[in-house]
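One-letter residues, chain by chain:
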Amino acid sequence: MDKPVPLTQRPQWQALAEHATAIAGTRLRDLFAADPARGQRLTAEGAGLYLDYSKQRVDEDTLRLLLELADACELSARTAAMFAGEHINRTEDRAVLHVALRMPKGERLEVDGVDVVAQVHEVLDRMAAFADRVRGGQWTGHSGRRIRNVISIGIGGSDLGPVMAYEALRDFSNRDMHFGFVSNVDGTDFSEAVRGLDPAETLFIVCSKTFTTLETLANAHAARTWCLDGLGGDASAVAKHFVAVSTNADGVRDFGIDTDNMFGFWDWVGGRYSMDSAIGLSTMIAIGPENFRDMLAGFHEMDEHFRDTPFERNLPVLMALVAIWNNDFLGADTVAVLPYAQYLKRFPAYLQQLTMESNGKSVTLDGRRVDYQTGPVYWGEPGTNGQHSFYQLIHQGTRLVPCDFIGFCEPLSPLREQHDLLMANLFAQGEALAFGKAADEVRAEGVADALVPHKTFEGNRPSSTILAQKLTPHALGALVALYEHSVFVQGVVWDIDSFDQWGVELGKVLAKQTASELAAARLPELRHDSSTNALIRRYREQRGTH
């Protein structure tokens, strides 16, 4: 078999590099002046989302060349392989089937001879029955009192998704219940989460596929101790106050959880793609099974849009190709995600894992070192808060920071006038970034010459805007799936495995060794580097152990 042509040696990549040089002096002002309909033309719609990418620094040739690159990288075939359940996660030899988590009941998708859709709905039905019992008060604690507090314990994808979804959909949640989340092994995270709560009214959901994750198990055991201390020490109480999202029945049983209350998922569900699996049990309890299914429907509608829509009108494909253009040809190292919706305050943090754990890779699928930039840094905060923080750098700093603005036409708050002001800011920021304010315009306002350079905005800063009607469960599902598939497309073009995460393993291994050295009664022989050895000794001295 012939070796694949390295990405930077492909004619399509080289054509884009030449094109980037050719249009380097072209500004967004020029592009809009030359095409009055640009703002309506460079848009796309799907699954209830509207994407305006007209303020990106692209022209018709840019888009054509990017689409040719996607074709050359066999994006269609790779997409079909994912939806068919082929083992596209090569380094772990696994299928990548988060799309199966939201397929409607009755559809079939066989992987290794098993209909995974049927398995998914068996778990969803069990989750729904459990959620209804908790919400309705039929599930009670050890003392017979109803559950009023739900604390989800997890880390990484087992935490970021549920936290983000709960915050995003808080308007749809059961306000008679309290929901909390614990992820950090720092004991203050757990202590603050349970402060003021009554163990008799508290349910813990322990989320760990293997039931061996160190941070999660440490917090789960802290929760077990806290719960039993408040309930008289009867170990049988654990079964009424703990459930598990896991596949390790023995570990769950040994902890004291009834395995009838264990909700599983599969090795073809990556942690950062799991918020719509059993990992979302806390979300389902918060918003109810019907709203959870509506969220799944939003995911599925975007899945179908991505699978079936021609690339030139395909939202995830367009977002991904523009991101590649900005990252690899315009030299933009980061992407700011700016939701103009306070309920989406945890969405940028959620995307950090989705994007950077997926595409933070430096070797290709066949193990060759890349000679181009892969995953950019994703970050952000809700508007309008960010405008009074880091937008200064985006507008007038020396770095190019492409932005994704996210907004909703209809507010969830009754304060409609404030929503108009919120959205006015979103639209104004995109306009200001694109077009800026020239020195002549500043002078025409009577500004003193000495201040003109300080009040000049060069503009030409790229952004996209994503609009939806309203922040509903359906809209959230579509929005998350949009970014999931955009990440996948970028990984296909960069020829990397977007679904493994070996980079997190080394630190875990070293931490186990170091933890034993910190806890040892006497200082063991240290064989780290001189810096780490000195830090361990200083820590032990400060703790009073030598």
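Residues numbered from 1 in each chain as written. Predicted model: local features only at pLDDT ≥ 70, side-chain atom pairs only at ≥ 80, totals over all residues. Heavy atoms only, no water.

### Concerning the overall build of the protein
Scanning the protein for helices and strands turns up 22 helices and 13 strands. Taken over the C-alpha trace, the protein has a radius of gyration of 25 Å; the compact-globule value for 546 residues is 24 Å, and the two agree within 12%. Viewed in the frame of its principal axes, the protein has a C-alpha envelope of about 75 × 65 × 60 Å. Within the protein, the fraction of its 546 residues that count as buried is 53%. Just so you have it, the protein exposes about 24100 Å², and 49% of that area is on carbon and sulfur atoms. (Helix = DSSP H or I, 4+ residues; strand = E, 2+ residues; numbered from the N terminus. Rg over C-alpha atoms; globule rule 2.2 N^0.38 Å. Buried < 20%, exposed > 50% of the residue type's maximum accessible area, 1.4 Å probe, protein only. Areas by Shrake-Rupley, 256 points an atom, 1.4 Å probe, with all protein chains shown as cover.)

### With respect to the packing of helix 5 (residues 75–83) against helix 20 (residues 473–494)
With their axes 10 Å apart at the nearest point, helix 5 and helix 20 run at an angle of 125° to one another. In terms of orientation, helix 5 and helix 20 fall into the oblique class. Taken as a pair, helix 5 and helix 20 cross one another with a handedness that is right-handed. On helix 20, the residues that touch Leu75, Arg78, Thr79, Met82 and Phe83 of helix 5 are His485, Phe488, Val489 and Val492. In terms of residue class, the contact of helix 5 with helix 20 is made up of 6 nonpolar, 2 polar and 1 charged. (Axes fitted to C-alpha atoms, helices over the stretch in contact; angles between N-to-C directions. Parallel < 35°, antiparallel > 145°, perpendicular 65-115°, else oblique. Left-handed = near helix turned anticlockwise from the far one by under 90°. Contact = heavy atoms within 4.5 Å. Nonpolar A, V, L, I, M, F, W, Y, C, P; charged D, E, K, R; others polar.)

### Remarks on unusual backbone geometry
Here the bond from glycine 383 into threonine 384 is cis, since omega is 10°, no more than 30 degrees from zero. Tracing the sequence through the fold places threonine 384 in the loop between strand 11 (377–379) and helix 16 (391–396). One non-glycine residue, glutamate 74, lies in the positive phi region at around 60°. By the secondary structure assignment, glutamate 74 is in the loop between helix 4 (60–72) and helix 5. Not every positive phi belongs to a glycine, and asparagine 460 is a case in point at roughly 60°. You can see asparagine 460 is positioned in the loop between helix 19 (452–455) and strand 13 (463–468). By relative accessible area, which is 8% here, asparagine 460 ends up buried.

### Examining the packing of aromatic side chains
Across all of its chains, the model carries 24 aromatic pairs by this definition. Measuring from centroid to centroid gives 5.8 Å for phenylalanine 211 and phenylalanine 255, while their planes differ by 80°, and the two rings are edge-to-face. In this pair, phenylalanine 211 is assigned in the loop between strand 7 (202–207) and helix 9 (214–230) and phenylalanine 255 in helix 11 (residues 249–255), connecting sequence segments 44 residues apart. One exposure class covers both phenylalanine 211 and phenylalanine 255, and it is buried. Between the aromatic rings of tryptophan 325 and phenylalanine 329, the centroid separation amounts to 5.7 Å while the plane-to-plane angle is 25°, which identifies the pairing as stacked. (Phe/Tyr/Trp six-rings, centres within 6.5 Å; stacked < 30°, edge-to-face > 60°.)

### Let's talk about the sheet that holds strand 8 (residues 242–245)
Strand order across the open sheet formed by 5 strands is 6-5-7-8-9, with parallel pairing between neighbours. Pairing within the sheet leaves two strands with one partner each, and these edge strands are strand 6 (178–182) and strand 9 (262–263). Taken together, the 4 bridges between strand 7 and strand 8 define a ladder with parallel strand orientation. Opposite isoleucine 205, over in strand 8, you have valine 243 as the bridge partner. Each of strand 5 (149–153), strand 6 and strand 7 is contacted by helix 8 (residues 187–194), which is oriented at about 175° to strand 6, the strand it contacts most. (Pairing = 2+ DSSP bridges.)

### Section: the UniProt feature "active site" (unreviewed entry) in the protein
The UniProt entry lists Glu357, His388 and Lys508 under the feature "active site" (unreviewed entry), expressed in the numbering used here. Of the residues just listed, which span 152 residues, the most distant C-alpha pair is 37.5 Å apart, and they do not cluster in one region. The annotated residues contributing to the lining of the largest pocket are Glu357 and Lys508. With respect to the secondary-structure elements, histidine 388 resides in the loop between strand 11 and helix 16. Within the secondary structure, lysine 508 is located in helix 21 (residues 505–519). (UniProt positions renumbered as here; feature names shortened; annotations may be inferred. 1 Å grid on protein atoms, 1.4 Å probe; cavity = no way out; pocket = protein on both sides within 12 Å on 5 of 7 lines; lining within 4 Å.)

### Details of the environment of arginine 10
Looking at the element boundaries, arginine 10 is found in the segment before helix 1 (11–22). Between the C-alpha atom of arginine 10 and that of glutamine 40, which follows or precedes it by 30 residues, the distance is 33 Å. In contact with arginine 10, other than residues within four places in its own chain, are Val5, Ala72 and Cys73.

### Describing the side chain of serine 463
Topologically, serine 463 is positioned in strand 13. According to the relative accessible area criterion, serine 463 is buried, its value standing at 1%. When residues no more than four places from it in sequence are discounted, the contact partners of serine 463 are Asp52, Lys55, Gln56, Cys403, Phe405 and Gly430.

### Quick notes on the sheet that holds strand 2 (residues 49–52)
The mixed open sheet is built from 6 strands, whose spatial order is 1-2-13-12-10-11. Each end of this open sheet is capped by a strand with a single partner; those strands are strand 1 (43–46) and strand 11. Taking each pair of neighbouring strands and ignoring which way they run, the sheet shows an average axis angle of 15°. In terms of strand pairing, strand 1 meets strand 2 through 4 bridges, oriented antiparallel. What sits directly across from alanine 44, in strand 2, is leucine 51.

### Details of the pattern of salt bridges
Counted according to the given criterion, the structure contains 29 salt bridges. For lysine 105, the salt bridge goes to aspartate 125, with nearest N and O atoms at 3.0 Å. Taken together, the residues lysine 105 in the loop between helix 5 and strand 3 (110–111) and aspartate 125 in helix 6 (residues 116–136) connect sequence positions 20 residues apart. Lysine 105 gets classed as exposed once you look at its relative accessible area, which sits at 56%. What makes aspartate 125 partly exposed here is its relative accessible area of 33%. Arginine 272 is paired through a salt bridge with glutamate 357; the nearest N and O atoms lie 2.9 Å apart. Placement of the pair is arginine 272 in the loop between strand 9 and helix 12 (281–287) and glutamate 357 in helix 15 (residues 347–359), with a sequence separation of 85 residues. The exposure class assigned to arginine 272 is buried, which follows from its relative accessible area of 3%. By relative accessible area, glutamate 357 is classed as partly exposed at 22%. (Salt bridge = Lys/Arg side-chain N within 4 Å of Asp/Glu carboxyl O.)

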